[in-house]
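An overview of the molecular structure
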Amino acid sequence: MPQLSSRGLKYTVAVAASLLVLSASVAKEYLSGKVWPEPKIIDPGQPGKAPSDAIVLFGGGDMSAWEGGEKWEVADGVATAKGGGITSKQPFGSCQLHVEWAAPSVVSGTGQGRGNSGVYLQGLYEVQILDSYDNKTYFDGQCGAVYKQTPPLVNACRKPGEWQSYDIIFEAPKFDDSGKLVKPAFVTALQNGVLILNHFQIEGASAWDAPPTYSAHAPKLPLQIQYHGNPVRFRNIWIREL
Ligand code: MG
């Protein structure tokens, strides 16, 4: 490479600097021209608390937001599944749902029999809750699966007894007036902050004994949490309508 004299170097630097100044003076900021309303200001809440615009379905006090909640045991801010599933009194469409849960610390049963519960979006579409820590079952039935439709992307389960979180973003399906499906449901979910379902297209209602199918329903339906014979614990359940 030829060596630049110090004079040549100064000249080169000066030219580069003036080119920079020139390009800065001709650059123009891009503006989309779209007129947006200002996003609503909300309080995201402290860790472990619901955001200000969420509907708290269980904040540790009572189960009054749920049909069937009286059967569950509430103590020390925790609700333990018992005696049957629970159904929210309020119906929901598309939503963001936060649920914290823990499989029983005393391990009993295997496969689907260990720490089984489930979040039934609109009472129809199940994101499985199961103690899948060192407990194999069919993959599209393990923890974080959309039951019998897809396994989770990873097994992000904590040990039995440890608190875990689900953050679920659900897009409700749409049906036309004749009852035909015009837009399927989609679900995205994080377990313990880890992506386990990425905008998965739900194939229909979850069933143990039938393939998933859609049947036309109201735009909003209650949320259900399954009782499957295991004392799965819950706390801090909140939902934001989208
Ligand atoms: Mg289940």
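Just so you know, the residues in each chain are numbered from 1, in the order the chain's sequence is written. Note on the predicted model: pLDDT of at least 70 is required for a residue's local features to be given, and 80 or more for side-chain atom pairs to be given and counted; whole-chain, interface and lining totals, by contrast, use all residues. Excluded from the side-chain calculation are hydrogens and water; included are all heavy atoms of the structure.

What follows deals with the coordination of the magnesium ion. Shown as donors are all N, O and S atoms within 2.8 Å of a metal ion, widened to 3.2 Å for Na, K and Ca; because water is not in the atom set, sites may appear incomplete. Every protein donor of the magnesium ion is accounted for by N116 (OD1), S117 (O), E126 (OE), Q128 (OE1) and Q226 (OE1), and the metal-donor separations fall at 2.2 to 2.4 Å. Taken in sequence order, the residues that donate to the magnesium ion follow the motif N-S-x8-E-x1-Q-x97-Q. Placement of Q128 in strand β8 (residues 125-129) and of Q226 in the loop between β14 (221-225) and β15 (233-241) is noted, with a sequence separation of 98 residues between them. Exposure is judged per residue with a 1.4 Å probe applied to protein chains only, and the accessible area is read against the type maximum: over 50% gives exposed, under 20% gives buried, and values in between give partly exposed. Residue Q226 is classed as buried on the basis of its relative accessible area, which comes to 16%. Each helix corresponds to a stretch of at least 4 residues labelled H or I by DSSP, and each strand to a stretch of at least 2 residues labelled E; elements are numbered beginning at the N terminus.

Once that is clear, we can look at the pairing of strand β5 (residues 86-92). For two strands to count as paired, DSSP must find a minimum of two bridges between them. Of the pairings in the sheet, the one linking strand β2 (residues 66-67) to β5 comprises 2 bridges and is antiparallel in character. If you follow W66 over to β5, its bridge partner there is S88. Note: β5 against β14, 4 bridges, orientation antiparallel. Within β14, the position partnered with T87 by the bridge is Q224.

Moving on: unusual backbone geometry. Trans peptide bonds make up most of the peptide bonds, and negative phi angles are found at most residues other than glycine. Backbone geometry places D76, a non-glycine residue, at a positive phi of 50°. When you line up the elements, D76 lands in the loop between β3 (73-75) and β4 (78-80). Exposure remark for D76: the relative accessible area of 81% places this residue in the exposed category.

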